[in-house]
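Topology and contacts: notes
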Amino acid sequence: MTSPRRRVRVFLVLLVLSAIWVPSVAARAGLRGTAPALRPDIVPTPTSEVMIRLEDGHKRLFLSFETENAGSGPLEVQPVQEDCDGNGDATDDRTAVQDIYGDTDGSGAYTPGVDTVVRTEVVGCFEFDPDHGHWHFDNYARYRLLTLNGRRLRAQSKVGFCMLDSLSVDPGLPGYSSTRGYIGCPDLGLQGISVGWADVYGTNIPGQFIPIGGIPDGTYCLLGRADPDNRLMETDDANNVVRTRILIDGTAASIRPKAC
Ligand SMILES: [Ca+2]
Ligand SMILES: [Ca+2]
Ligand SMILES: [Ca+2]
Ligand SMILES: [Ca+2]
Ligand SMILES: [Zn+2]
């Protein structure tokens, strides 16, 4: 039989070892305080531009994709320097940790520069995109080409984004600030979209396409979904899809006014 003192020693050794063995990523998630959470709400706006390009013998439908943060707090994701995908290389990716702010000053809305983070959650990885020359949140959007009766034809999955304040779209929202909060995508810098701002990815950006080789001319439905695997915490996860009716005519593509 082991003595009580020995059991205590064994317990303490196990406690220290378990503290060492906890993966660092798990420690990134946590609660800090009880102030009401001010979550973001990612809402895609209707696709405003489509364009066909032939690249290296591939026919590609490029599309614009714009997402607004219409929520009560900023969308903010911090990169943490570690081996997020577990491939043994800590330089090719970053762990993505979402920051949720709280109404810590009790004003009833997000107060930029004053309210602080009350909750953090691991939401994915950042990967370096050599074509863009900056870091992307690895799974921000997914695009699909459908027939008008909803049959899936082609897809572009795991579309990565550098999230930033591109465009001021809704200055009337509580918590809005006219100052850009998230600029560029420097390594280990915060990425996000401020309340009332939007991030715009245009048709000129590499990777913003669905492969459409072999698709006959005709009218189709284009579907864009933000946060497709629902990793990011929001006030509303049900408004993340935008559908656009388009016409493919040879090497020309255009947006049609009717819904789909
Ligand atoms: Ca949403
Ligand atoms: Ca890695
Ligand atoms: Ca506040
Ligand atoms: Ca979500
Ligand atoms: Zn990019």
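Residues numbered from 1 in each chain as written. Chains lettered and ligands numbered in written order. Predicted model: local features only at pLDDT ≥ 70, side-chain atom pairs only at ≥ 80, totals over all residues. Heavy atoms only, no water.

1. Comments concerning the sheet that holds strand β15 (residues 209–211)
Put simply, the rule is: DSSP-based pairing: two strands are paired if at least 2 bridges between them are found. Secondary structure follows DSSP: runs of H or I at least 4 residues long count as helices, runs of E at least 2 residues long count as strands, and numbering of each begins at the N terminus. Each axis is a line fitted through C-alpha atoms, taken for helices only over the stretch in contact, and angles between the N-to-C directions span 0 to 180 degrees.
As summarised here, the arrangement of the 3 strands in space is β4-β5-β15, forming an open sheet in which the pairing is antiparallel. Of all strands in the sheet, those with a lone pairing partner are β4 (50–55) and β15, marking the two edges. Each adjacent strand pair in this sheet contributes to an overall mean axis angle of 30°, direction not counted. Relative to β15, strand β5 (residues 58–63) is paired through 3 bridges, and the arrangement is antiparallel. Considered in β15, the bridge of L61 is made with I210.

2. Considerations on the coordination of the calcium ion (ligand 1)
Spelled out, the test is: Coordination partners: N, O, S within 2.8 Å of the metal, 3.2 Å for Na, K and Ca; water not considered, so apparent gaps in a site are possible. For four-coordinate sites, all angles between 85 and 135 degrees define a tetrahedron; for four- and six-coordinate sites, opposite donors beyond 155 degrees with the remaining angles between 65 and 115 define square planar and octahedral shapes respectively, and all other cases count as irregular. Only protein chains enter the accessibility calculation, which uses a 1.4 Å probe. A residue is then buried if its area is under 20% of the maximum for its type, exposed if over 50%, and partly exposed in between.
The calcium ion (ligand 1) binds to the protein through D41 (OD), I42 (O), E234 (OE), D236 (O), N239 (OD1) and N240 (OD1); the donor distances cover 2.3 to 2.4 Å. Because the angles between the 6 donor atoms bound to the calcium ion (ligand 1) fall within 78 to 173°, the donor set is best described as octahedral. When the donors of the calcium ion (ligand 1) are listed by position in the chain, the intervening gaps give D-I-x191-E-x1-D-x2-N-N. A gap of 5.9 Å separates the calcium ion (ligand 1) and the calcium ion (ligand 4), which E234 links by coordinating each metal. Here I42, found in strand β3 (residues 42–45), pairs with D236, found in the loop between β16 (218–226) and β17 (241–249); they are 194 residues apart in sequence, far enough to count as distant. Residue class for I42 comes out buried when judged on its relative accessible area of 2%. For D236, a relative accessible area of 29% gives the class partly exposed.

3. Structural notes on the state of the cysteines
What counts is decided by this rule: The disulfide criterion is simple: two cysteine sulfur atoms within 2.5 Å.
Scanning the model with the defined rule gives 3 disulfides in all. Here C84 engages in a disulfide with C125; their sulfurs sit 2.0 Å apart. Between C84 and C125 the disulfide shows an S-S torsion of about -80°. By sign, it is left-handed. Remark: C125 occurs in strand β9 (residues 117–129) and C84 occurs in the loop between β7 (75–80) and β8 (93–102); sequence separation between them is 41 residues. Judged by relative accessible area, which is 22%, C84 ranks as partly exposed. Between the sulfur of C221 and that of C260 lies a disulfide, 2.1 Å long from S to S. Disulfide C221-C260: torsion about the S-S bond near 65°, hence right-handed. Of this pair, C221 sits in strand β16 while C260 sits in the segment after β18 (252–255), and the two are 39 residues apart along the sequence.

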